[in-house]
Amino acid sequence: MTKTALVVDDEVDLCRLMQITLTKMGIKSDVAYTLSQARGYWQEREYDFCLTDLKLPDGSGLELVKEISGSTNTPIAVITAHGSMDLAIEALKLGAFDFVNKPLELPRLRQLVENALKVTHQGDDPEAAPECTPEQKLLDSRLIGDSAVMLPLKNTILKLARSQAPVFLSGASGTGKEVVARLIHDLSPRRDGSFVPVNCGAIPSELMESEFFGHKKGSFTGAVADKQGLFQQANGGTLFLDEVADLPLAMQVKLLRAIQEKTVRTIGDTKEIPVDIRILSATHKDLAQLVQAGTFRQDLYYRINVIELKLPTLNARRDDIPVLATHFLALIAEEWQLETPPSLTAAACERLQHHDFAGNVRELRNLLERAVTLAETPNIDINHLGLPALTPTDTEPHAVNAATQGTAPTAETPDAHTHPASADTLLPNSPSEQMAPIYSSAARDDKSQPIQTPTSASNLHPYRTHTQHYPSVIKGAAANHPKTAQGDSAETINTAKGLASTHQAAQAPNETTNINEAGLPAQGLEHYLQAQEKQLIITALKQTGWNKTQAAELLGTTFRSLRYRMKKLEIDEDQLE
Ligand SMILES: Nc1ncnc2c1ncn2[C@@H]1O[C@H](COP(=O)(O)OP(=O)(O)OP(=O)(O)O)[C@@H](O)[C@H]1O
């Protein structure tokens, strides 16, 4: 069926240009020169999408955005004067699907129209019950939980997926921010493009520019080949800036420019390349507070945080614990190829529902992995969970919510009842407005997670994030190193002293000692340093029985940084043992 569009602009020539472009794309269009004319057309006819200027002779296009997005799912995009980013952001907040700047660039207009048509195809089947649409099924299969707080959150995700607006995901560590970011991408018109997640906190600052924008061969020492940046990799898709609060200020300026201009310049190149990406970002930190403290740029905050989606803690949705546990046990059974899928006894399930999950869903998953490893039967009972016995007060209603982080639920530590997602997951996003943090930063303590699971070697960009779990290594860690797997830090501190001395012994002589007669590395500094780094990491890992949390402590770095260095340097226990 022929697609139809309503074009609203008072500039006759521009309307003609847009109409010609649409006709070439096989789209029939009507043109309205005023707001009232547009309203008339909209009431009389049905359109697949609308494109409106913001400045109209009898009012603002924002009114049309509000009316159309408030009453239908039809995508509406706005045309803004060059540089009026504030208005574009306001339109996105009001529900506009996307915006295009004047003077109109036809490739950008065509791209916007193609995305709008993909949105209109979604959920087109009028026969399908809402819960049976492919989008809803995908959402329900990947974002587990149907508690009171999750249902409105899921509806919001479906709406956000249809838009191109930048979304900022806030919430404590392990609440599922990356799961949601992937879903927004996979449910969006960009789903055929790449989803490129990047852990901003794990990229060494000196490599940031090259990682984000790429480099040309020979543009600096060590640039031995052309390298594509993350922006270019995400072209046509979504760039997910995880741990965005950890971006150094100097890089924040460069990112802002790239996001605003929608162009990037590769290091060593002279030309700017246009990129078409949607930005999603996340952090467990209070970004508004960092803006106030001057460590995060207000303009970048404003740009990436057009819409905020706040994820609830697991303690705020305890009803979801049984269904999440069943989901993870099924995943574990599949990944570990277990003959009989494990299941929880009623007592174990009840114990989990009373646990204070400082590490949220990630902690639940890790806890179950450990329990399955320790249990010798498929029935996971309370003693396999490795949790302390409950006191009588723990079992009182709401005792755990109140005990969370030692504070009762307040406006700053919301729970599901006081903060339904419909109202609170979408927050007003002015930097001057305070965001209420769900948790203090203590919630991020990696020690709260019983077992840190390694990531696999993959062909992903080294600083892309990765949330997969690898059972063979987990099992090996728990079985072979029970002490370290449970976090025996005393032992770690003692062995730490040996790090410097054993490092020499662990070195692969060809790689790290290949110094030429002039006393310089024969294969170049970069190669030499990487070999050194690799050997030090392997030494620390061996000393801690491949417990990465402890190895990171020995090396004076963070767990995440170590994990990403391991991926970058392709350090894998299975390969080395
Ligand atoms: N609702 C959910 N349904 C299924 N799995 C979930 C859900 N929420 C989180 N998970 C799982 O929990 C783990 C942590 O999720 P994720 O990495 O998305 O959290 P995060 O909030 O991004 O954490 P961080 O701030 O530490 O990066 C992953 O294994 C993820 O698959």
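Residue numbers restart at each chain and count upward from 1, following the sequence in its written direction. Thresholds applied to this predicted model are a pLDDT of at least 70 for local features of residues and 80 or more for the giving and counting of side-chain atom pairs; totals over whole chains, interfaces and linings are not thresholded and use all residues. Side-chain metrics rest on all non-hydrogen atoms present in the structure, leaving aside hydrogens and water.

1. Some remarks on the packing of aromatic side chains
A pair of Phe, Tyr and Trp rings is counted when the ring centres sit within 6.5 Å of each other, with Trp represented by its six-membered ring. The angle between the planes then sorts it: under 30 degrees is stacked, over 60 is edge-to-face, the rest tilted. Under the defined criterion, the tally for this structure stands at five aromatic pairs. Taken together, a centroid distance of 5.7 Å and an interplanar angle of 20° make the contact between W42 and Y47 stacked. Judged by centre distance (6.4 Å) and plane angle (45°), the ring pair of F212 and F213 falls under tilted. A connected cluster of aromatic rings, assembled from ring pairs, spans F212, F213 and F231.

2. Re unusual backbone geometry
Residue P103 is reached from K102 by a cis peptide bond, and omega for that bond is -5°. Where helices and strands are cited, they refer to DSSP runs of H or I of at least four residues and of E of at least two residues respectively, numbered from the N terminus. Examined against the element boundaries, P103 turns out to sit in the loop between β7 (98-101) and α5 (106-121). A positive phi angle, near 55°, is found at Q337, a position not held by glycine. If you trace the backbone, Q337 turns up in the loop between α14 (321-335) and β17 (343-344). Note on classification: 1.4 Å probe, protein chains only; a residue is buried when its accessible area is under 20% of the maximum for its type, exposed when over 50%, partly exposed between these limits. Classification of Q337 as exposed rests on a relative accessible area of 70%. A positive phi angle, near 60°, is found at W546, a position not held by glycine.

3. Observations regarding helix α16 (residues 360-374)
An expected span of 1.5 Å times one less than the residue number is assigned to each helix. Look at α16: 21 Å from first C-alpha to last across 15 residues, which is about the 21 Å you get at 1.5 Å a residue. Residues N360, V361, E363, L364, R365, N366, L367, L368, E369, R370, A371 and V372 constitute the buried set of α16.

4. Considerations on the confidence of the model for the chain
For the chain, the mean per-residue pLDDT works out to 78, and 75% of the residues sit at or above 70. Low pLDDT, under 50, characterises residues 398-461; the predicted model gives this stretch 155 contacts beyond four residues in sequence or across chains. On a scale of 0 to 100, pLDDT captures the predictor's confidence in every residue. Any two residues whose heavy atoms approach within 4.5 Å are treated as being in contact. Below pLDDT 50 for its whole length, residues 465-512 participates in 96 contacts with residues either more than four positions away or in separate chains.

5. What to know about the sheet that holds strand β2 (residues 27-32)
What makes two strands pair is DSSP finding at least two bridges between them. Strand order in the open sheet made by the five strands is β2-β1-β3-β6-β7, with parallel pairing throughout. Edge strands, defined here as strands with exactly one partner in the open sheet, are β2 and β7. Each neighbouring strand pair of the sheet contributes to a mean axis angle of 20°, computed without reference to strand direction. Pairing of strand β1 (residues 3-8) with strand β3 (residues 49-53) involves four bridges; the strand directions are parallel. Residue pairing across strands places A5 opposite F49, the latter belonging to β3. Lying over the sheet, helix α2 (residues 35-44) contacts β1, β2 and β3, oriented at roughly 140° with respect to β2. An axis is simply a line fitted to the C-alpha atoms; with a helix, the fit covers only the stretch in contact. Between two such axes, the angle follows the N-to-C directions and lies from 0 to 180 degrees. Across the face of the sheet, helix α4 (residues 85-93) comes into contact with β6 (76-80) and β7 while running at roughly 160° to β7.

6. Considering the pairing of strand β12 (residues 238-242)
A large share of β12 lies buried, amounting to five of its five residues. Bridge analysis of β12 against strand β15 (residues 278-283) gives five bridges, and the strand direction is parallel. Bridging from a neighbouring strand, F240 pairs with L280 of β15.

7. Observations concerning the nonpolar core
We define a nonpolar core as any set of buried Ala, Val, Leu, Ile, Met, Phe, Trp, Tyr and Cys residues linked to one another through side-chain atoms lying within 4.5 Å. With 47 residues, the main nonpolar core has I157 and L309 as its most contacted residues. Domain start and stop points were drawn from an automatic or database domain assignment. Two domains each put at least three residues into this core: domain 1 (3-121) and domain 2 (130-310). Sequence-distant contacts of I157, defined by excluding residues within four places in its chain, comprise L139, L143, V180, I184, L187 and L309. Membership of the second largest hydrophobic core comes to 32 residues, among which are V198, F213, L247 and F296.

8. Describing the packing of helix α6 (residues 134-142) against helix α7 (residues 150-162)
In the contact formed by α6 and α7, the axes pass within 11 Å of each other and the chain directions differ by 125°. Taken together, α6 and α7 sit at an angle that is classed as oblique. When the axes of α6 and α7 are compared, the crossing they make is right-handed. Across the interface between the two elements, E135, Q136, L139 and D140 from α6 touch K154, I157 and L158 from α7. In this count, Pro and Cys sit with the nonpolar residues alongside Ala, Val, Leu, Ile, Met, Phe, Trp and Tyr, while Asp, Glu, Lys and Arg are called charged and the others, Gly among them, polar. Of the residues belonging to the contact of α6 with α7, the class tally is three nonpolar, one polar and three charged. When an angle is under 35 degrees it counts as roughly parallel; over 145 it counts as roughly antiparallel; between 65 and 115 it counts as roughly perpendicular; any other value is oblique. What makes a crossing left-handed is the near helix being turned counterclockwise from the far one by less than a right angle; a clockwise turn instead makes it right-handed.

9. A few points about the pattern of salt bridges
Each salt bridge in this description consists of a side-chain nitrogen of Lys or Arg and a carboxyl oxygen of Asp or Glu lying within 4 Å of one another. One pass over the full model with this rule turns up 23 salt bridges. The residue R190 makes a salt bridge to D276 at a minimum N-O spacing of 2.5 Å. Of this pair, R190 sits in the loop between α8 (177-186) and β9 (195-199) while D276 sits in the loop between β14 (273-274) and β15; the two residues are 86 residues apart in sequence, bridging distant segments of the chain. Neither R190 nor D276 differs from the other in exposure class; each is buried. Ionic contacts of the salt-bridge type, sharing partners, join the residues D9, E11, D53 and K102 into one network.

10. What about the side chain of K102?
With respect to the helices and strands, K102 occurs in the loop between β7 and α5. We define a polar contact as two N or O atoms separated by no more than 3.5 Å, with the added condition that, inside protein, one atom must be a possible hydrogen donor and the other a possible acceptor, whereas residues neighbouring each other in sequence contribute only through side-chain atom pairs. Within the local environment of K102, its side chain forms a polar contact with the side chain of E11, the two groups lying 2.9 Å apart.

11. Details of the pairing of β9
Counting buried residues in β9 gives five out of five residues, a clear majority hidden from the surface. Judged by which residues are buried, β9 turns out to be covered on both faces: F195, P197 and N199 on one side and V196 and V198 on the other are all buried. Across five bridges, β9 lies against β12 in parallel orientation. In the sheet register, F195 faces β12, and the bridge partner there is T238.

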